[in-house]
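Geometric and topological summary
Here's the letter readout for the chains.
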Amino acid sequence: MGHIEYMLISLDHQGRRARLSQRGHELLSLLQVEEAESLERASRTGEKIELEALWRPEFGRYMIE
């Protein structure tokens, strides 16, 4: 299983600017909800789980993988 790294960028189309977004940790908590719920359910029921993605922090607050 490979992995993909994402840089979070905020685009200002009108001002024609791109800026790094510092919301990585905020977004990770939202993206990891399904993983946490599935792991909780598996620990209660013994169910085998297969998640499509595992979200982790990367180098800076503007990157996730």
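This one's a predicted model, so the numbers in the text were calculated from it and none came from an experiment. (Residues numbered from 1 in each chain as written. Predicted model: local features only at pLDDT ≥ 70, side-chain atom pairs only at ≥ 80, totals over all residues. Heavy atoms only, no water.)

So, the overall build of the protein
A count of helices and strands for the protein gives two helices and four strands. Listed by position from the N terminus, the elements making up the protein come as β-β-β-α-α-β. Radius of gyration (C-alpha) of the protein: 15 Å, far over the 11 Å computed for a compact globule of 65 residues. Considering only C-alpha atoms, the protein reaches an extent of 50 × 20 × 20 Å along its principal axes. Counting only residues that meet the buried cut, the protein has 18% of its 65 residues in that class. Partitioning the contacts of the protein with sequence separation of at least 6, the portion at a separation of at least 24 is 49%. Here the protein displays about 5500 Å² of accessible surface, and carbon together with sulfur accounts for 51% of that area. (Helix = DSSP H or I, 4+ residues; strand = E, 2+ residues; numbered from the N terminus. Rg over C-alpha atoms; globule rule 2.2 N^0.38 Å. Buried < 20%, exposed > 50% of the residue type's maximum accessible area, 1.4 Å probe, protein only. Contact = heavy atoms within 4.5 Å. Areas by Shrake-Rupley, 256 points an atom, 1.4 Å probe, with all protein chains shown as cover.)

Thoughts on the pairing of strand 3 (residues 17-20)
Sheet faces and side chains relate simply in a regular strand, where the side chains alternate between the two faces. Two elements, strand 2 (residues 9-12) and strand 3, share four bridges in a ladder whose sense is antiparallel. When the sheet's bridge partners are listed, L11 is paired in strand 3 with A18. In this structure, the hairpin formed by strand 2 and strand 3 is closed by a connection of four residues, where R16 is found at a positive phi of approximately 55 degrees. (Pairing = 2+ DSSP bridges.)

Things to note about the packing of aromatic side chains
Summed over all chains, the structure comprises one aromatic pair. When the ring of Y6 is compared with that of W55, the centres are 5.7 Å apart and the planes differ by 40 degrees; the resulting orientation is tilted. Here W55 lies in the loop between helix 2 (33-45) and strand 4 (63-64) and Y6 lies in strand 1 (residues 6-7), a separation of 49 residues in the sequence. (Phe/Tyr/Trp six-rings, centres within 6.5 Å; stacked < 30°, edge-to-face > 60°.)

Digging into helix 2
Owing to its 3.6 residues per turn, the α-helix aligns residues three or four sequence positions apart on the same side. Across its 13 residues, helix 2 extends 18 Å between first and last C-alpha, which sits within 8% of the 18 Å expected from 1.5 Å per residue. Burial in helix 2 covers these residues: E35, S38 and A42. Looking straight down helix 2, one finds its buried side chains confined to an arc of 70 degrees; they lie on one side. The outward face of helix 2, more than 90 degrees from its buried face, is lined by the exposed residues S43 and R44. A positive phi of about 80 degrees marks G46, the residue just after helix 2. (Expected span 1.5 Å × (residues − 1). Arc of directions from axis to C-beta.)

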